[in-house]
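# Chain and residue survey
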Amino acid sequence: MSKIKRVSLLGATGSIGKSTLSLLTQQCNGMPEFQVVSLSAQSNVRALADAAKATGAEFAAIGDGSLLEELRALLKGTNTVCGAGEGGVIEAASRPCETLVSAISGAAALKPTLAAIRQGSNIALANKESIVCAGTLLLEEARKHGSQILPVDSEHNAIFQVLDVRKRIEKLVLTASGGPFRTASLEEMKLATSAQAISHPNWSMGAKISVDSASMMNKSLELIEASYLFDIPESQIDVLIHPQSIIHSLVAYDDGSVLAQLGMPDMRTPISYALSWPNRMNVPGVHRLDLAQIGELNFEKPDPIRFPAIELARKCLALGAWAPNVFNAANEIAVDLFLKNKIGFMDITSVTKSVLERFELGEYGTMSDPKNFEDVFELDRLARKQALEEIQA
Ligand SMILES: NC(=O)C1=CN([C@@H]2O[C@H](COP(=O)(O)OP(=O)(O)OC[C@H]3O[C@@H](n4cnc5c(N)ncnc54)[C@H](OP(=O)(O)O)[C@@H]3O)[C@@H](O)[C@H]2O)C=CC1
Ligand SMILES: CC(=O)[C@@H](O)[C@H](O)COP(=O)(O)O
Ligand SMILES: [Mn+2]
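The rules behind these values
- Every chain's residues receive numbers from 1 upward, in the order its sequence appears when written.
- For this description, chains carry letters from A and ligands carry numbers from 1, given in the order in which they are written.
- Reporting in this predicted model follows two pLDDT cut-offs: at least 70 for local features of residues, and 80 or more for side-chain atom pairs to be given and counted; totals over whole chains, interfaces and linings ignore these cut-offs and use all residues.
- Each helix is a run of H or I in the DSSP string that is no shorter than four residues. Each strand is a run of E no shorter than two, and both are numbered from the N terminus.
- Between the two quantities, the radius of gyration covers C-alpha atoms and the globule rule is 2.2 Å times the number of residues to the power 0.38.
- As a rule, residues whose C-beta atom has 12 or fewer other C-beta atoms within 10 Å are exposed, those with 20 or more are buried, and those in between are partly exposed; C-beta atoms are placed from the backbone.
- Contact criterion: two residues are in contact if their C-beta atoms, reconstructed from the backbone, are within 7 Å.
- In this text, near has one meaning. A residue is near a molecule or strand if its C-beta atom, placed using the backbone, is within 6 Å of it.
- Gly is put with the polar residues, along with every residue not named as nonpolar or charged; the nonpolar set is Ala, Val, Leu, Ile, Met, Phe, Trp, Tyr, Cys and Pro, and the charged set is Asp, Glu, Lys and Arg.
- In this scheme, strands are said to pair when DSSP sees at least two bridges between them.
- Every axis corresponds to a line fitted to the C-alpha atoms, with the helix fit spanning only the stretch in contact, and the corresponding angles, defined between N-to-C directions, vary from 0 to 180 degrees.
- UniProt positions are given in the numbering used here, feature names are shortened, and annotations may be inferred rather than shown by experiment.

Within the protein chain, the secondary structure is distributed over 17 helices and 13 strands. Here the C-alpha atoms of the protein chain give a radius of gyration of 20 Å, agreeing with the 21 Å that 2.2 N^0.38 yields for 393 residues. The principal-axis extent of the C-alpha atoms belonging to the protein chain is close to 55 × 50 × 40 Å. Residues counted as buried form 47% of the 393 residues belonging to the protein chain. A sequence separation of at least 24 residues applies to 67% of the contacts in the protein chain between residues at least 6 apart.

Now for the site of ligand 1. Taken together, the neighbourhood of ligand 1 is formed by 30 residues, with Gly11, Gly14, Ala108, Met205 and Gly206 sitting nearest. Put simply, the parts of the chain that give the shell around ligand 1 at least two residues each are helix 1 (15-24), strand 4 (34-41), helix 6 (128-144) and helix 10 (207-215). A total of 3 residues in the shell around ligand 1 trace back to one element, the largest contributor, which is helix 1. Here the residues of the shell around ligand 1 sort into 12 nonpolar, 14 polar and 4 charged.

The next thing to look at is the sheet that holds strand 7 (residues 99-102). Spatially, 6-5-4-1-7-8-9 is the arrangement adopted by the 7 strands of the open sheet, whose pairing is parallel. Here the strands that pair on one side only, and so sit at the sheet edges, are strand 6 (81-84) and strand 9 (149-151). The average undirected angle you get between the axes of adjacent strands in this sheet is 20 degrees. Bridge analysis of strand 1 (residues 5-10) against strand 7 gives 4 bridges, and the strand direction is parallel. Paired with Ser8 across the strands is Leu100, a residue of strand 7.

Time to look at the sheet that holds strand 12 (residues 247-253). What the 4 strands build is an open sheet, ordered 11-10-12-13; its pairing is mixed. Here the strands that pair on one side only, and so sit at the sheet edges, are strand 11 (237-241) and strand 13 (258-262). Strand-to-strand, the axes of this sheet are offset by a mean angle of 20 degrees, without reference to chain direction. Across 5 bridges, strand 10 (residues 169-176) lies against strand 11 in parallel orientation. Paired with Val173 across the bridge in strand 11 is Asp238. Set on the sheet, helix 7 (residues 154-162) makes contact with strand 10, strand 12 and strand 13; between it and strand 12 the angle comes to about 40 degrees. Helix 11 (residues 217-230) rests against strand 10 and strand 11 of the sheet, and its axis sits at about 150 degrees to strand 10.

Once that is clear, we can look at the UniProt feature "domain: DXP reductoisomerase C-terminal" (unreviewed entry) in the protein chain. What UniProt calls "domain: DXP reductoisomerase C-terminal" (unreviewed entry) maps, in this numbering, to residues 262-385. From the first C-alpha to the last, residues 262-385 spans 41 Å; its make-up is 56% helix and 1% strand.

What follows concerns the site of ligand 2. Around ligand 2, the structure places Asp153, Ser154, Glu155, Ala176, Ser177, Gly179, Trp203, Ser213, Asn218, Lys219 and Met267. Of all elements in the fold, only helix 7 and helix 11 reach the threshold of two or more residues within the shell around ligand 2. Split into classes, the residues belonging to the shell around ligand 2 amount to 3 nonpolar, 5 polar and 3 charged.

This is how it looks when you write it as structure tokens:
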């Protein structure tokens, strides 16, 4: 009989969270495969309570502390213990489990993910912002505590599936859909609404990552993520537009072979791989790939004029570990204000670029690599402040 795996899930009410819950509650030959330790959400207290009831979670944390009593009332009569506030989410992450799925959106995931790493849990890492902000420090912490980082982001999961570290690698190729504005003109992009920006052609995702996909900031964050996760310089990472999102990424070896992972655009596949690693699990709900039905797969180069974020990511990696942290923080502020209709779509990358330049030019002193996580949090705070000032000016 196979062992039941103890799993925690941060960001249970989001897009990745819901896909993960569907896997955690599926049965294998009538038997549960997973025991849910902790769940968390920020403010969607009803969905969190429903998820706790459906999974029999031992602990549930709501990030918004004012919702604790409501969560307790909703979970009355169950065995689920409730927590709240940032401390509650960190407690959820700190409860011993085999694998924690990190699916909070944004750099807010960093502290709880770090807590889970320090507990020695393996991390099924959907949240790319935490690795972008704290790259090497996070990976060193994972090594120190015997925590395996299992990439969930579809491109990195694809690379993880086909990467043979014993062989010489010439290139990683990250595929990108091109987002909703792949064929739009610069003028159309300047006038784009938040509704247009979040309507991704292939993936159903949370608002923040959807806007990032539209600006290709998502691919920029992913380029940095890949460089850290696979310890590969940016010069060996290409970005290739592939509008169908069927090939999730490729690895080119020095004998001319290129290995890729393919599948329908459904996050249950990469999540399931991270949950069942080093094995695979049956995922009955995912549509199987039918290439004859799809007919053709297309590829093109990204346009650096309409999508300047990719070059910015390369520059960040050249500048040093402080730069991706600043880049991410400024982008988070800009995306938030774009979603609130306070700035235009193309302002997102221009604000991010301008904040990065201010730090590069020494407005906040000489920049150096963060020595510890406190440095990372402080730089994140400063970059957010600068981005807000930049937008208000
Ligand atoms: N969606 C996708 O297909 C993919 C997502 N990712 C990455 O996974 C992460 C999650 O994305 P996605 O699921 O789309 O995001 P969503 O916005 O759909 O969900 C975010 C989740 O995090 C919770 N949350 C938000 N802010 C906080 C906070 N400050 N503290 C604690 N919890 C918080 C939300 O709770 P509440 O609902 O209560 O607000 C929700 O459960 C992102 O980093 C994204 O880049 C990577 C690849 C694909
Ligand atoms: C599903 C996933 O991993 C997303 O990060 C996806 O890559 C977004 O699509 P883009 O390729 O348009 O950024
Ligand atoms: Mn991705």
